[in-house]
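Chain and residue survey
Take a look at the letters that make up each chain.
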Amino acid sequence: VQLEETFIPSYFGWFLFASVQEKVKCTSMEFVKTLDTLDAFKKHLSDFTGKAEKEVDLEQYFEAKGPLHCTTKFCDYGKAEGAKDYALTPAVKDFYGSTTELSLTALFVTPRTVGARVSLTEEQLLLWPTDAEKEAESVVPAAASLPLGSRAHITLGCAEGVKAVQTGLDLLEILALQKEGQQGEPVEEMELGSLTYYGEGRWLLSLREPICTAACFSSYYK
Ligand code: GDP
């Protein structure tokens, strides 16, 4: 058992095929660049800069690192709560190394992160930890009442000093607002879909056509 423990990875998740990573990165970059030019965005610039007059280059603002992926379970080499149980789940063993298609249904930007919402299928939900949303409760109180899989996302970039774990929390925050009945402020129809502003620098682009990307269920060690 001790030997097995040393093999628990940093995290499990779906890793996007190299061939689609560029496509997803380009789409998100295009969105971020366009967002930066909108009057509606400029109006709320202080969300990002702290000052109204200051300009922000969103392209430079976010930094992307590592392979694009959708984390299922953060394990921290076995130190994270429930890591070992998850690693031993039959579904994890069954699906390990298999490929699937992830459906990206929205892109979002906050002063901390830029990410893509992933809408999981029933089969993909078999790999989703039952407490993934609840785990975020201390940060997003309404998180536990959101449907399983709500937190599923791909981190596309983080602001300086922000950790990747923030992206899922930012997504949960937006979904919690929606659930509370906050419609957000419809901003405009963009080529990719409709853009909504949820206050405090939170922007959500609901994609007209989901982006489907091939991914492999695997794990990451660094
Ligand atoms: P890296 O430094 O870019 O490899 O990122 P991290 O090691 O911080 O995180 C790796 C992956 O696990 C990212 O997708 C994070 O969103 C996710 N992650 C990090 N910490 C946590 C956590 O406490 N809970 C959950 N659920 N996910 C996490």
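Here's a quick rundown of the structure. Every value quoted in this text rests on a predicted model; they were computed, and no experiment measured them. (Residues numbered from 1 in each chain as written. Predicted model: local features only at pLDDT ≥ 70, side-chain atom pairs only at ≥ 80, totals over all residues. Heavy atoms only, no water.)

1. Notes on the nonpolar core
If you look at the biggest cluster of nonpolar residues, it comprises 49 residues, and the most contacted ones within it are L35, F41, V109 and I154. Tallying contributions element by element places strand 9 (residues 203-220) first for this core, with 6 residues. Residues L169, I174, L175 and A176 belong to the second largest nonpolar core, which totals 15 residues. (Core = buried A, V, L, I, M, F, W, Y, C linked by side-chain atoms within 4.5 Å. Buried < 20%, exposed > 50% of the residue type's maximum accessible area, 1.4 Å probe, protein only. Helix = DSSP H or I, 4+ residues; strand = E, 2+ residues; numbered from the N terminus.)

2. Topic: the site of the ligand
Around the ligand, the neighbouring residues are Y11, K65, H69, T71, F74, E135, R151, A164, V165 and K222. A distance of 2.7 Å is found between an oxygen atom of the ligand and a side-chain nitrogen or oxygen belonging to H69. Within the backbone of A164, one N or O atom sits 3.2 Å away from an oxygen atom of the ligand. Expressed as a share of its isolated accessible area of 560 Å², the protein-covered part of the ligand is 76%. With respect to the pocket detection grid, the ligand is positioned in the largest pocket. Here the element with the most residues in the shell around the ligand is strand 3 (residues 69-74); it accounts for 3 residues. (Near = heavy atom within 4 Å. Polar contact = N/O pair within 3.5 Å; in protein donor to acceptor, adjacent residues only side chain to side chain. Areas by Shrake-Rupley, 256 points an atom, 1.4 Å probe, with all protein chains shown as cover. 1 Å grid on protein atoms, 1.4 Å probe; cavity = no way out; pocket = protein on both sides within 12 Å on 5 of 7 lines; lining within 4 Å. Sits in = over half its atoms within 2 Å of the grid points.)

3. Points about the packing of aromatic side chains
Enumeration over the complete set of coordinates arrives at 13 aromatic pairs. Relative to Y220, the ring of F15 lies with its centre 6.5 Å away and its plane at 20 degrees, an arrangement referred to as stacked. Taken as a pair, F15 in strand 1 (residues 11-16) and Y220 in strand 9 lie far apart in primary sequence, 205 residues in all. Owing to a relative accessible area of 12%, F15 belongs among the buried residues under this scheme. Note on Y220: relative accessible area 26%, which makes it partly exposed. Through pairs of rings, three or more aromatic residues link up here, namely F41, F48, Y61, F62, Y197 and W203. (Phe/Tyr/Trp six-rings, centres within 6.5 Å; stacked < 30°, edge-to-face > 60°.)

4. Observations regarding the side chain of T72
Summarising the element assignment, T72 is placed in strand 3. A relative accessible area of 5% means that T72 is categorised as buried. Discounting chain neighbours no more than four positions away, the residues touching T72 are F12, G13, W14, Y86, L127, W128, P129 and F217. (Contact = heavy atoms within 4.5 Å.)

5. A look at the layout of surface pockets
By volume, the largest pocket amounts to about 980 Å³. What lines the largest pocket is a set of 32 residues, and nearest its centre among them are Y11, T71, F74, A164 and V165. Every element with two or more residues in the lining of the largest pocket is listed here: strand 3 and strand 6 (153-159). Its residues assigned to classes, the lining of the largest pocket shows 15 nonpolar, 8 polar and 9 charged. (Points joined across faces, edges and corners; volume = space filled by probe spheres on them. Nonpolar A, V, L, I, M, F, W, Y, C, P; charged D, E, K, R; others polar.)

6. What to know about the side chain of S219
Here S219 lies in strand 9. You can call S219 buried: its relative accessible area is 12%. At a separation of 2.5 Å, a polar atom in the side chain of S219 contacts the side chain of Y96.

7. Here we look at the pattern of salt bridges
If charged atoms from side chains of opposite charge come close, those side chains can pair. In total, this model carries 6 salt bridges according to the counting rule given. Residue E173 pairs with R202 through a salt bridge whose shortest N-O separation is 2.7 Å. Here E173, found in helix 9 (residues 165-179), pairs with R202, found in the loop between strand 8 (193-197) and strand 9; they are 29 residues apart in sequence, far enough to count as distant. Here E173 falls in the partly exposed class, since its relative accessible area comes to 23%. R208 serves as the salt-bridge partner of E189, at 3.0 Å between the closest nitrogen and oxygen. Of the two residues, E189 is situated in strand 7 (residues 185-189) and R208 in strand 9; the sequence distance between them amounts to 19 residues. Bridged by salt links that share partners, the residues E173, E200 and R202 form one connected network. (Salt bridge = Lys/Arg side-chain N within 4 Å of Asp/Glu carboxyl O.)

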